[in-house]
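# Structure at a glance
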Amino acid sequence: MGAIEGTVALVTGAAQGIGRAIALRLAADGADVALVDLNEDKLAGVAGEVAALGRKSTTIVANVSDRAQVHAAVAQAREDLGSLEIVVNNAGIVQVKPITDVTHDDLSAIVDVNVAGVVWGIQAAAKAFLEHGTKGTIINASSIAGHDGFALLSLYSATKFAVRALTQAAAKELAPHGITVNAYCPGVVDTDMWVTVDAEMARHTGAAPGATYAQYVDGIALGRAETPEDVAGFVSYLAGPDAKYMTGQSPLIDGGLVYR
Ligand SMILES: NC(=O)c1ccc[n+]([C@@H]2O[C@H](COP(=O)([O-])OP(=O)(O)OC[C@H]3O[C@@H](n4cnc5c(N)ncnc54)[C@H](O)[C@@H]3O)[C@@H](O)[C@H]2O)c1
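Described below are features of the structure shown in this document. Note that the coordinates shown come from a computational prediction; the quantities given were computed from them, not determined experimentally.

This paragraph deals with the site of the ligand. Not every one of the 28 residues close to the ligand is listed here, only the nearest: Gln-16, Asp-37, Asn-90, Tyr-156 and Thr-191. Separating an oxygen atom of the ligand from a backbone N or O atom of Gly-187 is a distance of 3.3 Å. Separating an oxygen atom of the ligand from a backbone N or O atom of Val-189 is a distance of 2.8 Å. The fraction of the free accessible surface of the ligand (840 Å²) that becomes covered by protein chains is 92%. No other element matches the 3 residues that helix H6 (residues 192-205) contributes to the shell around the ligand.

Its identity is not glycine, yet Leu-152 carries a phi of approximately 70°, on the positive side. Topologically, Leu-152 is positioned in the loop between strand S5 (137-141) and helix H5 (154-174).

Turning our attention to the environment of Ala-126. Along the chain, Ala-126 falls in helix H4 (residues 104-132). Judged by its relative accessible area of 8%, Ala-126 is buried. A sequence separation of 12 residues divides Ala-126 from Ile-138, and the C-alpha atoms of the two residues are 8.1 Å apart. In this structure, Ala-126 is in contact with Ile-138, Leu-174 and Ile-179, ignoring residues within four places of it in sequence.

The N-to-C vectors of helix H1 (residues 17-28) and helix H8 (residues 228-239) enclose an angle of 50°; their axes lie 8 Å apart at closest approach. What the angle tells us is that H1 and H8 run oblique. In this structure, H1 crosses over H8, and the sense of that crossing is right-handed. Here Gly-17, Ile-18, Arg-20, Ala-21, Ile-22, Arg-25 and Leu-26 of H1 lie close against H8, whose contacting residues are Pro-228, Glu-229, Val-231, Ala-232, Gly-233, Val-235, Ser-236 and Ala-239. Taken together, the residues that form the contact of H1 with H8 break down as 9 nonpolar, 3 polar and 3 charged.

What follows covers the nonpolar core. Ile-22, Leu-26, Leu-35, Val-88 and Tyr-184 are the most contacted members of the largest nonpolar core, which totals 32 residues. Sorting the residues of this core by element identifies strand S1 (8-12), H1, strand S2 (32-37), helix H2 (40-52), strand S4 (86-89), S5 and H8 as the ones contributing at least two each. Counting residues per element, this core draws most heavily on H1, which supplies 7 residues. In terms of nonpolar packing, the next biggest core, distinct from the first, is built from 30 residues, Val-8, Val-36, Ile-60 and Ala-170 among them.

The next thing to look at is the pattern of salt bridges. All chains considered together, the criterion is met by 8 salt bridges. With a shortest N-O distance of 3.0 Å, Glu-200 and Arg-203 are connected by a salt bridge. On the criterion of helical spacing, the pair formed by Glu-200 and Arg-203 is a turn pair, its members being 3 residues apart in helix H6. Note on Glu-200: relative accessible area 24%, which makes it partly exposed. Within the structure, one salt-bridge network assembled from shared partners comprises Glu-5, Asp-32 and Arg-55.

This part takes up the packing of aromatic side chains. If you walk through the whole model with that rule in mind, you get 4 aromatic pairs. In textbook terms, an aromatic cluster arises when at least three aromatic residues are bridged by ring pairs, as seen for Phe-150, Trp-194, Tyr-213 and Tyr-216. Lying across the ring of Phe-161, Arg-164 places its NZ or CZ 5.9 Å from the centre.

Quick look at the pairing of S1 now. Remember that side chains alternate between the two faces of the sheet whenever the strand is regular. The buried fraction of S1 is high, at 5 of 5 residues. Bridge count for S1 against S2 is 5 bridges, and the pairing is parallel. The residue bridging Val-11 from the neighbouring strand is Leu-35, located in S2. The parallel pair S1 and S2, bridged by H1, forms a crossover whose chirality is right-handed.

Attention now goes to the environment of Ser-57. For Ser-57, the location among the structural elements is in strand S3 (residues 57-61). Taking the relative accessible area as the measure of exposure, Ser-57 reaches 26% and is therefore partly exposed. Separated by 54 residues in the primary sequence, Ser-57 and Ala-3 have C-alpha atoms spaced 18 Å apart. Each residue touching Ser-57, except ones within four places of it in the same chain, is listed here: Val-33, Leu-35, Ala-47, Val-50 and Leu-81.

Cut-off values and rules
Residues numbered from 1 in each chain as written. Predicted model: local features only at pLDDT ≥ 70, side-chain atom pairs only at ≥ 80, totals over all residues. Heavy atoms only, no water. Near = heavy atom within 4 Å. Polar contact = N/O pair within 3.5 Å; in protein donor to acceptor, adjacent residues only side chain to side chain. Areas by Shrake-Rupley, 256 points an atom, 1.4 Å probe, with all protein chains shown as cover. Helix = DSSP H or I, 4+ residues; strand = E, 2+ residues; numbered from the N terminus. Buried < 20%, exposed > 50% of the residue type's maximum accessible area, 1.4 Å probe, protein only. Contact = heavy atoms within 4.5 Å. Axes fitted to C-alpha atoms, helices over the stretch in contact; angles between N-to-C directions. Parallel < 35°, antiparallel > 145°, perpendicular 65-115°, else oblique. Left-handed = near helix turned anticlockwise from the far one by under 90°. Nonpolar A, V, L, I, M, F, W, Y, C, P; charged D, E, K, R; others polar. Core = buried A, V, L, I, M, F, W, Y, C linked by side-chain atoms within 4.5 Å. Salt bridge = Lys/Arg side-chain N within 4 Å of Asp/Glu carboxyl O. Phe/Tyr/Trp six-rings, centres within 6.5 Å; stacked < 30°, edge-to-face > 60°. Lys NZ or Arg CZ within 6 Å of the ring centre and 35° of its normal. Pairing = 2+ DSSP bridges. Right-handed = clockwise from strand over helix to strand, strands pointing away.

Have a look at this one:
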């Protein structure tokens, strides 16, 4: 019997990468899972993987930058799966550009997903928890770039610092209701996002394809890139009863890369 047996978790960005791994880990831990993403086809694949673990899921196509869609997704998760105790605001996008070149459109686009998406996710989860008297938990995706600003990742870093701020403020507001809010800060995780980062970095710096990724991985004390499952294991802890006395925190889970 898993530590979160009988609970329901909602995970955004669940169609691939870290979100998929989190959804599968929480399912393996005993939760039913609402899978939220823009990519309907890939969501269906993850739903099949959840079923193979013996848990129920529901797939919800929604854009996290749209407040109404996020609130509707939370309501649908409760309706389809019967309750809701865990909300993981994982969906995010990256941009690689020199700060001298970023435009207002660049800023709006990344803030809409990485900041507004987390605001709506916290808000919708909190309202649902308060309405039903649920002492639930909210877990947000920050990053090593939420602790250090990285070159060519200025806007991305700014959004991930913002996630830490939102996590702290929401934790303080919601603590009196028994609701906890934490974040996870992965390092260099082997997903499509890093394929984009490597290619875009190469375009701006002239590095060979793969060289930026290799250079970052070289800096990791534990000597290897992070897997989505490394992140999911930590999120499983945050979602479970052992983390019930923790709130407002954004710990690094990066194999030893950024130290705080
Ligand atoms: N990959 C890394 O090295 C790394 C490191 C630190 C933090 N993170 C963070 O972890 C999270 C997941 O990253 P990943 O590497 O799995 O990325 P990914 O690009 O592989 O997957 C992101 C998923 O989010 C979905 N998505 C994007 N925008 C969306 C939107 N507006 N609404 C709904 N869904 C949307 C995509 O369709 C995709 O399925 C992100 O918040 C990212 O910033 C990643």
